[in-house]
Amino acid sequence: QVQLVESGGGLVQPGGSLRLSCAASGTIGRIYTMGWYRQIPGKQRELVAVFTVFTGVETTNYADSVRGRFTIARDNAKNTVYLQMNSLKPEDTAVYLCKGVFGGRIYWGQGTQVTVSS
């Protein structure tokens, strides 16, 4: 079993920055993918940023709306993935969820609220 715990959310003004963390604990095993999604009420959950590992090659993908502003990174020693969010906009307001696929199973964190408002 794997648990994912997000942290780092909060209230920021437009143009501000936040750094989200997602710590994984338990039997991680092989990591297929880890990333961040966000849920906005009334809208479909969307991918924000994700990395995948295939045959030793890591690739990253970003939503068009965040590319150039957000950066995903990971610390393998800490089993933690980060999302650095810069130049935040009101439309970035959402619950941000960490997702991981370990050993063929999908895990979700509980989410952390990010609110961008004046």
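Within each chain, residues carry numbers counting from 1 in the order of the written sequence. Thresholds applied to this predicted model are a pLDDT of at least 70 for local features of residues and 80 or more for the giving and counting of side-chain atom pairs; totals over whole chains, interfaces and linings are not thresholded and use all residues. Side-chain figures throughout are based on the complete set of non-hydrogen atoms in the structure, without hydrogens or water.

**Q** Give a description of the overall build of the protein chain that names residues and reports values.
**A** Along the protein chain, the regular secondary structure elements total 0 helices and 11 strands. The way it works is that DSSP assigns letters per residue, a run of H or I at least four long becomes a helix, a run of E at least two long becomes a strand, and they are numbered from the N terminus. Taken from N to C terminus, the helices and strands of the protein chain fall in the order β-β-β-β-β-β-β-β-β-β-β. At 14 Å, the protein chain has a C-alpha radius of gyration in line with the 13 Å of a compact globule built from 118 residues. The principal-axis extent of the C-alpha atoms belonging to the protein chain is close to 40 × 30 × 25 Å. Relative accessibility under 20% of the residue-type maximum defines a buried residue, over 50% an exposed one, and the middle range a partly exposed one, all with a 1.4 Å probe and only protein chains included. Scored against the burial criterion, the 118 residues of the protein chain give a buried share of 40%. Contacts in the protein chain between residues at least 24 apart in sequence constitute 53% of all its contacts with a sequence separation of at least 6. Working note: accessible area of the protein chain is about 6300 Å², and carbon and sulfur atoms make up 50% of it. We compute the radius of gyration over the C-alpha atoms and compare it with the globule rule, which gives 2.2 Å times the number of residues raised to the power 0.38. Note on contacts: a residue pair qualifies if any of its non-hydrogen atoms lie within 4.5 Å across the two residues. The protein chains shown are the only cover counted for residues, whose accessible areas, like all others here, come from Shrake-Rupley with a 1.4 Å probe.

**Q** Got a sec to walk through the pairing of strand β1 (residues 2-7)? Specific residues and values, please.
**A** Burial along β1 is one-sided: the face carrying V2, L4 and E6 is buried and the face carrying Q3, V5 and S7 is not. Pairing between strands requires that DSSP locate at least two bridges from one strand to the other. Relative to strand β3 (residues 18-26), β1 runs antiparallel, the two being bridged by 6 bridges. Bridge pairing links S7 to S21 in β3.

**Q** Please give an account of the packing of aromatic side chains that cites residues and values.
**A** Ring geometry is summarised as follows: Phe, Tyr and Trp rings, the Trp one being its six-membered ring, pair when their centres sit within 6.5 Å, and such pairs are stacked at plane angles under 30 degrees, edge-to-face over 60 and tilted between the two. Across all of its chains, the model carries 2 aromatic pairs by this definition. Their ring planes at 65° and their centres at 5.2 Å tell us that Y37 and W108 sit as a pair that is edge-to-face. Residue Y37 is located in strand β4 (residues 31-39), and its partner W108 is located in strand β10 (residues 105-108); the two are separated by 71 residues in the primary sequence. Accessibility expressed as a relative area gives 33% for W108, which makes it partly exposed. Aromatic pair F102 and Y107: ring centres 5.8 Å apart, planes at 35°, arrangement tilted. Each member of the pair, F102 as well as Y107, is classed as buried. Throughout this description, the term charge over a ring refers to an Arg CZ or Lys NZ atom that lies within 6 Å of the ring centre and within 35 degrees of the ring normal. We note R45 situated over the ring of W108; from NZ or CZ to the ring centre the distance is 4.5 Å.

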